[in-house]
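Each chain, letter by letter, is given below.
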Amino acid sequence: MTQGAPRTPARRTLLGAAGAAAFGATAGLAAGTGTARAAETGRPYDRGDGRGHGRGYRSLPVPTVIAHRGASGYRPEHTLGSYRHALDLGAHVIEQDLVPTKDGHLVCRHENDITGTTDVADHPEFASRRTTKSVDGVSYTGWFTEDFTLAELKTLRAKERIPGTRQENTLYDGRWTVPTFEEVLRWADEEGRRRGREIWLHVETKHPSYFRSIGLGLEERLAKLLRRYGRHRAHSPVFLQSFEPSSIQRLAKLVDSPRVVLLSGAHTRPWDFVESGDPRTVADLVTPAGLRWIASYAQGIGPTLDLVIPRDAAGRLGSPTTLVRDAHAEGLILHPYTQRNENAFLPAEFRRGTDPAAYGDAFGALERYFGTGIDGVFSDNPDTALLAAADFGDSAAR
């Protein structure tokens, strides 16, 4: 059964071309938006020249479009194909999630559980490695990167994680291997030379406390690679992100790259807080005092979109919170997550039809989010987000 309305390659090509053009359009917004925010918060909010030409994260276009796991709405996530397609569509920044192999290499997977994102289940030689583990208090059964050497992992092929929603993406199942982060760094340097601009990365340490507990700490390995490839400085084209504040604090002692604390649901607690007995929740961290504490070691936050505009019981958007204003008052940028085009992920008033896999009014939803003053957004569909950003800029200029 085919789910959703047809989405032809021609349509995506058209969106991609418009999205690439939007890179220039959104760049021009930076200075004006920064001025407005300074007046709003009473605190300078320098956005640089907004052209992304080597002057640090303040020079990125606003709103910044971050390709979530690459162009994961169109290609299997965290593959070089997904990353390259995101650049072709015009994305400003490409995201990587990092987990380690048994022999200590950092690879790009959203989770260490690779059951749903590779063909590992089709490899009889690895059948005995299927196991059950508790990661951050949650039980998982499957195959895990930390049980494979890099050479073994490279025998696997990547596949679409949610084939029921993104059936078209399954066309690319088996086409790419799981990339190491070092391969991505080399690829980004090569793409930068070919395209004549810096290629920005947004790099997350996944489950850092868990991996440190089994002797596979992420931060030192990541910092070593950043230094090797010259991305360890304050103006380097990379963001470092984590849901565990202690991981960002550790990275702050190792490199000067800009850092972002990710924030989940308001009533949740970061896992490192759970382990250390810190009683604070995300709701505490998004108060002015909590944001001030984050600003002491990080340059930004990555909240859920629901922390920016909550949804009511029916799934409709309510009134914006004060998070954008409060974060900007502390000099923090905001990169919320995650914008997706499918009805299943959209606020109720922007869904169209009854098929959860069909596209809804993503542009309408993005207009609401951009209107809050966020600095960027993680998107599975970077071409859509770029067009929405251009629309928002045109509207703001009028």
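**Q** What should I look at first to understand the pairing of strand E4 (residues 131-135) in this one?
**A** Within a regular strand, the side chains alternate between the two sheet faces. One ladder, built from five bridges, connects E4 with strand E5 (residues 138-142); its direction is antiparallel. The residue of E5 that forms the bridge with Val135 is Val138. Hairpin remark: E4 followed by E5, antiparallel, with two residues in the connecting loop; positive phi at Asp136, about 55°.

**Q** Would you explain the pattern of salt bridges in this entry?
**A** Opposite charge on two side chains allows them to pair when their charged atoms are near. Scanning the model with the defined rule gives 27 salt bridges in all. Across the salt bridge formed by Arg84 and Glu191, the nearest N and O atoms sit 3.6 Å from each other. Of the two residues, Arg84 is situated in helix H3 (residues 80-89) and Glu191 in helix H5 (residues 181-195); the sequence distance between them amounts to 107 residues. Residue classification places Arg84 among the partly exposed residues on the basis of a relative accessible area of 31%. One salt bridge connects Asp278 with Arg280, and the closest N-O pair in it is separated by 2.8 Å. A cluster of three or more residues bridged by salt bridges with shared partners is formed by Arg84, Asp88, Glu191, Arg194 and Arg195.

**Q** Looking at this structure, how should I read the packing of aromatic side chains?
**A** Within a pair of aromatic rings, the relevant descriptors are the distance that separates the centres and the angle that separates the planes. Per the stated rule, a full pass over the model turns up 10 aromatic pairs. Centre to centre, the rings of Phe370 and Phe392 are 6.0 Å apart; their planes meet at 50°, and the pair counts as tilted. Here the residue Phe370 occupies a position in helix H14 (residues 362-370), and Phe392 occupies one in helix H15 (residues 382-397), the gap between them amounting to 22 residues. Using a relative accessible area of 1% as the deciding quantity, one classes Phe370 as buried.

**Q** Would you mind going over the side chain of Ser247 with me for this structure?
**A** One can find Ser247 in helix H8 (residues 245-254). Exposure remark for Ser247: the relative accessible area of 1% places this residue in the buried category. Polar side-chain contacts of Ser247 include one of 2.6 Å to the side chain of Glu219. Beyond its immediate stretch of four places on either side in the chain, Ser247 contacts Thr205, Pro208, Glu219 and Ser242.

**Q** What exactly am I supposed to notice about the nonpolar core here?
**A** Generally speaking, a soluble globular protein has its nonpolar side chains buried in company with each other. The biggest cluster of nonpolar side chains holds 81 residues, and the ones touching the most others in it are Phe181, Leu201, Leu222 and Ile301. Setting aside residues up to four positions removed in sequence, Leu222 forms contacts with Leu98, Leu106, Phe181, Val203, Thr205, Leu240 and Leu251.

**Q** Whenever I open this one, H3 confuses me. Can you help?
**A** Given 3.6 residues per turn, any residue in an α-helix points the same way as the ones three and four places further on. Most of H3 sits inside the fold, with seven of its 10 residues counted as buried. Residues of H3 that are buried include every one of Gly81, Ser82, Tyr83, His85, Ala86, Leu87 and Leu89, and no others.

**Q** Looking at this structure, I do not really get the side chain of Arg58. What am I missing?
**A** As for its position among the elements, Arg58 is in the loop between helix H2 (30-41) and strand E1 (64-67). Buried charged residue Arg58 carries no salt bridge. Nearest counter-charge: Asp375, at 5.5 Å. A polar contact is formed between the side chain of Arg58 and the backbone oxygen of Gly331, at a distance of 2.9 Å.

The rules behind these values
- Residues numbered from 1 in each chain as written.
- Predicted model: local features only at pLDDT ≥ 70, side-chain atom pairs only at ≥ 80, totals over all residues.
- Heavy atoms only, no water.
- Pairing = 2+ DSSP bridges.
- Helix = DSSP H or I, 4+ residues; strand = E, 2+ residues; numbered from the N terminus.
- Salt bridge = Lys/Arg side-chain N within 4 Å of Asp/Glu carboxyl O.
- Buried < 20%, exposed > 50% of the residue type's maximum accessible area, 1.4 Å probe, protein only.
- Phe/Tyr/Trp six-rings, centres within 6.5 Å; stacked < 30°, edge-to-face > 60°.
- Polar contact = N/O pair within 3.5 Å; in protein donor to acceptor, adjacent residues only side chain to side chain.
- Contact = heavy atoms within 4.5 Å.
- Core = buried A, V, L, I, M, F, W, Y, C linked by side-chain atoms within 4.5 Å.
- Lys, Arg positive; Asp, Glu negative; His and termini not counted.

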